[in-house]
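Working through the structure, step by step
As a plain string of letters, each chain reads:
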Amino acid sequence: MAKDASSAPLRFRKMHGLGNDFVVIDARAGGPRVTPSLARALGDRHRGVGFDQLAEIVTGAELGDPEADAGLIFWNADGSTAGACGNATRCVASLLLAETGRGAVAIRTEHGRLTGRLREDGLIEVNMGAPALDWASVPLAREVDTLALPLPGAPAAVSMGNPHCVFVVEDAEAVDLTARGPEIERHPLFPQRTNVEFISLIAPDRLRLRVWERGAGVTLACGSGACAAVVAAARLGVTGRRAVVELDGGALEIEWLPEDQGGGVLMAGPVATVFEAELSPAFLDALPAEA
Ligand SMILES: N[C@H](CCC[C@H](N)C(=O)O)C(=O)O
């Protein structure tokens, strides 16, 4: 904010899903809105709060869906926005389930209206919507086979509302993520960059997944990435449409529903609130004006 701004305090909640961590800001009642510079400053793990993503809760009406319980805008720590963030959607779904007292809630995102529910076993499940499998929807820079991209390792491409490049490898633990991740994230084949997943088979219904996230780097878990991984694995015949995905931070249960049930991808796992706090006005006043 500019120096002469007298910023109001900004409340936020720190949450995570399997260690994929988030700052959650509820903007439904008004107050300061997130900007790329606020996202970058808040995401700084030394000078800010630190997060993989910031989830900004807005009204469904703001995103064109007044019937939804809320809308969600996702910000990466580098200030970029994303069309999907599975673990943050699960975290916010848990807040809305408690707020409404209902058994299911509807959340509008860039990828469409997602539904969240509390399962009997206490896990939070979100239907992430149907994947987009054609090259233009990922998006890719040109028409190629999304099941075998013209890259070493012939990865698959899937959109869950955000782009994913999924490599099937012998041993995901052996991949040098910090070398290969950024190289693929910024490859010219991905005009909006991409999230990068490396999967290996543990069992016919169990995958190991390690992830380099667009705009965030290595994270302990990636919900949309786990969904994209199972979609790619099912399309390639590596697994069926249902699998447990073991990430560095823990396991997500994924099921890609058949077309006659809407073709959405169900993703279930735990969520946690770490703390609630208030940003100091001085922090907000010190933010650089938007370029
Ligand atoms: N970095 C991702 C967004 C967050 C994805 C991940 N945290 C998830 O749970 O889906 C992107 O730019 O598309």
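Residues numbered from 1 in each chain as written. Predicted model: local features only at pLDDT ≥ 70, side-chain atom pairs only at ≥ 80, totals over all residues. Heavy atoms only, no water.

Counted only if it meets this: UniProt positions are given in the numbering used here, feature names are shortened, and annotations may be inferred rather than shown by experiment.
As recorded by an unreviewed UniProt entry, the protein carries the name Diaminopimelate epimerase and is attributed to Albimonas pacifica. Per UniProt, the comment on the protein under Catalytic activity (unreviewed entry) is "(2S,6S)-2,6-diaminopimelate = meso-2,6-diaminopimelate". Database annotation for the protein, UniProt heading Function (unreviewed entry): "Catalyzes the stereoinversion of LL-2,6-diaminopimelate (L,L-DAP) to meso-diaminopimelate (meso-DAP), a precursor of L-lysine and an essential component of the bacterial peptidoglycan."

Considering the overall build of the protein
To keep it simple, the criterion reads: The helix count covers DSSP runs of H or I at least four residues long, the strand count covers runs of E at least two residues long, and both are numbered beginning at the N terminus. As a reference, a globule follows 2.2 Å times the number of residues to the power 0.38, and the radius of gyration itself is taken over C-alpha atoms. The buried label goes to any residue with under 20% of its type's maximum accessible area, the exposed label to any with over 50%, and the partly exposed label to all in between, with areas taken from a 1.4 Å probe on protein chains only. Only heavy atoms enter the contact rule, under which two residues are in contact if any of them lie within 4.5 Å.
Across its full length, the protein carries five helices and 17 strands. Taking 19 Å as the expected radius of gyration for a compact globule of 291 residues, we find that the protein reaches 18 Å, a close match to that expectation. When the 291 residues of the protein are sorted by exposure, 53% land in the buried category. Taking the intrachain contacts of the protein between residues at least 6 apart in sequence as the baseline, contacts between residues at least 24 apart amount to 61%.

Structural notes on the site of the ligand
Applicable threshold: Any residue with a heavy atom positioned within 4 Å of a molecule or strand is treated as near that molecule or strand. Think of a polar contact as two N or O atoms within 3.5 Å of one another; within protein, one of them needs to be a possible hydrogen donor and the other a possible acceptor, and neighboring residues in sequence only count if both atoms come from side chains. Accessible areas in this description were obtained via Shrake-Rupley with a 1.4 Å probe; residue shielding takes into account the shown protein chains only. By the convention adopted, Pro, Cys, Tyr, Trp, Phe, Met, Ile, Leu, Val and Ala count as nonpolar, Lys, Arg, Asp and Glu as charged, and the other residues, Gly among them, as polar. Here the limits of each domain have been adopted from an automatic or database domain assignment.
Near the ligand lie 15 residues; those nearest to it are Asn 76, Gly 86, Arg 214, Gly 223 and Ser 224. Note that an oxygen atom of the ligand is positioned 2.8 Å from one of the side-chain N or O atoms of Arg 214. Within the complex, 100% of the 360 Å² of free accessible area of the ligand lies under protein. By residue class, the composition of the shell around the ligand is four nonpolar, nine polar and two charged. Residue assignment places the shell around the ligand across two domains, with domain 1 (3-125 + 272-285) and domain 2 (156-263) each supplying three or more.

Notes on the domain arrangement of the protein
To be explicit about the condition: When two parts are put together, the accessible area they lose, computed with a 1.4 Å probe and summed over both, is reported as buried area.
Along its sequence, the protein is organised into domain 1 (3-125 + 272-285) and domain 2 (156-263). Between the C-alpha centres of domain 1 and domain 2 the distance comes to 23 Å. Between domain 1 and domain 2, the contact holds 21 residues from the first and 20 residues from the second. Both faces considered, domain 1 and domain 2 share a buried interface measuring about 1300 Å² in area, 45% of it formed by carbon and sulfur atoms.

Details of the pattern of salt bridges
Test applied: The salt bridge definition used is simple: a Lys or Arg side-chain nitrogen within 4 Å of an Asp or Glu carboxyl oxygen.
Applying the stated criterion across every chain, the model contains 24 salt bridges. Notably, a salt bridge pairs Asp 26 with Arg 28, separated by 2.7 Å at the nearest N-O pair. Asp 26 gets classed as partly exposed once you look at its relative accessible area, which sits at 40%. Measuring nitrogen to oxygen at the nearest pair gives 2.8 Å for the salt bridge that ties Arg 33 to Glu 56.

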